[in-house]
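What follows is the residue order along each chain.
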Amino acid sequence: MTDVAIINARIVTMDAARPSAQSILIRDGVIHALDAPPSPGAEVIDAGGRLVLPGFQDAHIHLLNGGTDLVESAQLQGCMDTDDLHTALAAHAARRGGDVVWGTGWRSGPFGDETLTRAVLDAVIPNRACVVVDDSGHNACLNSAALARVGITDATPDPQNGHILRDSQGHATGMLHEEAVPWATDRLPQSDDATWADGLIAGQSLANQHGITGVLDPSVLGRHVRTYAEGAAAGRLSLRVAGACRISAADTVDTMLARLLPLRAAHPGPDLHLHSAKFFFDGVLENRTGAMIEPYADAAGGNAPLMFQPDRIAALFTALDAHRFQIHVHCIGDAAVRAALDGFAAARAANGAWPALHQIAHCQMVHHDDLPRFAALGVMANVQPFWASTDPIIPDDTMAMIGPARASLTYPFRSLIDAGAPYCVNSDWSVTTLNPLAIIGTAITREPPRARGRAAPFLPAERMTVMEAVQGYTTHAAAASWRAGYSGALRPGFSGDLIVLDRDIFACDPYAVAETEVLLTLFKGRTVHRAAHFKG
């Protein structure tokens, strides 16, 4: 590999020992020197005075699932009514054959339990199985052909931690919640290896376009491991992958460790590192499966149970922690967050403290009493700031469910930081955009990107600073993914992963941050994205 030199740059290194530089020299994929002249024969890239940062790292992104959806699924994010949905599905079904018509990304608001049913899908896809999954991945609707193929009837019992919705006459409507979704889709014909391989390339390409050079995939199953491993072996990875292996409510300590220990041994990194275990403690508020300490505050009321009971949480967490796995937990409601913190406390009491950076992902609701427990237990808040704004187009009923008494601790990112919580910033793509600049823009304004429309700031007291958000996407995300020793900052000996931006996000209008473009992305000193108009 030839040397690569970036010159005429405003480099923010994210290294406290040397915060800035004007040039950087990369040799054999590793940063060789800062503020050194280009070596003879080096590839020289003139940044034109632009901002250079370490490559972004997304520590909660469903990279392979999202990429495969780009390859094989109808994209339904823009559908606002049934006509839009029918048009998108019909066009996709005409373009792509196969046993199943897949769709992804429909939004709650335009669609829900009452308005999206098997009959709606039958009207456009009557003869092939059809499955459409919402943007959160926690809800899906099947047409009649898919229900028949799966074997769902009016009498089919709910799977563990899942719901098969039924109408007032007891008939299955086609809508599924939570664990009923994978339970059903696993019974349908699966995508072949070539489709998953294409999905990896598609997901990586989009990530690199937005400056991402490292990820943590937070729900890895066998097909993910196989696809990532094949990509790594063939030299097709253009970013580093850490993985959290999914733990089910049916697992015991023995079955869990029997599965995870060989996977970690086979994939120890640095490019593919299976170092974590993933739990879902609850669902989402939109389908009323988020677990809250106090009942929902809207007229319907009610609550949702935890998906794991406290004694099992303590046993599973303690075993994983003893074997030095990182633990990564999906928590939307404040009861789920508290249960995870209790589990981490039990593991620490049994095993002692060590720098695991166990993580609670999402933190939509955190009880005030639990804010200081993150720092006390060394638990990282793994947050998605893009959700912390009001959508000016699609209404959201979740604040009525939360109620005014606890509204102020919705996505409480400033409060967590001020309480000393370790944190990282990421996307949860394909739930929302994977664009880090759009997400950083929302983190600092608590408003949607201007292109989406204007809305009042959502709890503006919980805003982050630009530097905090960039740290969350670089040094903190590298730590979250257990690669802080060689990535996440621009310093000699670290990997040559960097990006060139079209503007200085530390100095520009805060509302322009979301509109920033990544002009160049280097991974190990190799160009993995270059904007067509960047001539540096």
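Residues numbered from 1 in each chain as written. Predicted model: local features only at pLDDT ≥ 70, side-chain atom pairs only at ≥ 80, totals over all residues. Heavy atoms only, no water.

Novice: How do you make sense of the overall build of the protein chain when you look at a structure like this?
Specialist: Check the secondary structure of the protein chain and you find 16 helices and 24 strands. A globule of 536 residues ought to have a C-alpha radius of gyration of about 24 Å, and the protein chain, at 23 Å, matches this closely. By principal-axis analysis of the C-alpha atoms, the protein chain measures approximately 75 × 55 × 50 Å. Relative to its full complement of 536 residues, the protein chain shows a buried share of 57%. A separation of at least 24 residues holds for 74% of the contacts in the protein chain among residues at least 6 apart in sequence. Accessible area of the protein chain: about 19,600 Å², with a carbon and sulfur share of 55%. The centroid of the 40 positive side-chain charges in the protein chain is displaced by 5 Å from the centroid of its 56 negative side-chain charges. (Helix = DSSP H or I, 4+ residues; strand = E, 2+ residues; numbered from the N terminus. Rg over C-alpha atoms; globule rule 2.2 N^0.38 Å. Buried < 20%, exposed > 50% of the residue type's maximum accessible area, 1.4 Å probe, protein only. Contact = heavy atoms within 4.5 Å. Areas by Shrake-Rupley, 256 points an atom, 1.4 Å probe, with all protein chains shown as cover. Lys, Arg positive; Asp, Glu negative; His and termini not counted. Charge placed at Lys NZ, Arg CZ, Asp CG, Glu CD.)

Novice: Whenever I open this one, the pairing of strand β1 (residues 4–7) confuses me. Can you help?
Specialist: The two faces of a sheet get side chains in turn, since along a regular strand they alternate between them. One ladder, built from four bridges, connects β1 with strand β6 (residues 43–46); its direction is parallel. Pairing of Ile7 across the sheet is with Asp46, part of β6. Relative to strand β4 (residues 24–27), β1 runs antiparallel, the two sharing three bridges. Bridging across to β4, Ala5 finds its partner in Leu25. (Pairing = 2+ DSSP bridges.)

Novice: Could you clarify how one ought to interpret the packing of helix α8 (residues 253–266) against helix α9 (residues 310–322) in this entry?
Specialist: Helix-helix packing is described using two parameters, namely the angle between the two axes and the distance between the axes. Contact pair α8 / α9: the axes reach a minimum separation of 10 Å and the direction vectors enclose 35°. α8 and α9 meet at a crossing whose hand is right-handed. Residue-level inspection shows Val253, Met256, Leu257 and Leu260 of α8 in contact with α9, the latter providing Ala315, Leu316, Ala319 and Leu320. Among the residues making up the contact of α8 with α9, the classes are represented as eight nonpolar, no polar and no charged. (Axes fitted to C-alpha atoms, helices over the stretch in contact; angles between N-to-C directions. Left-handed = near helix turned anticlockwise from the far one by under 90°. Nonpolar A, V, L, I, M, F, W, Y, C, P; charged D, E, K, R; others polar.)

Novice: Looking at this structure, I do not really get the sheet that holds strand β16 (residues 240–246). What am I missing?
Specialist: The strands that make up a sheet pair up through hydrogen bonds in the backbone, lying either parallel or antiparallel. Reading across from one edge, β8-β15-β16-β17-β18-β19-β20-β21 is the order of the eight strands in this open sheet, with parallel pairing throughout. The open sheet has two edge strands, β8 (56–58) and β21 (423–425), and neither has a second partner. Averaged over all pairs of adjacent strands, the angle between strand axes in this sheet comes to 25°, irrespective of strand direction. Relative to β16, strand β15 (residues 212–220) runs parallel, the two sharing five bridges. Across the sheet, residue Asp217 finds its bridge partner in β16, namely Gly243.

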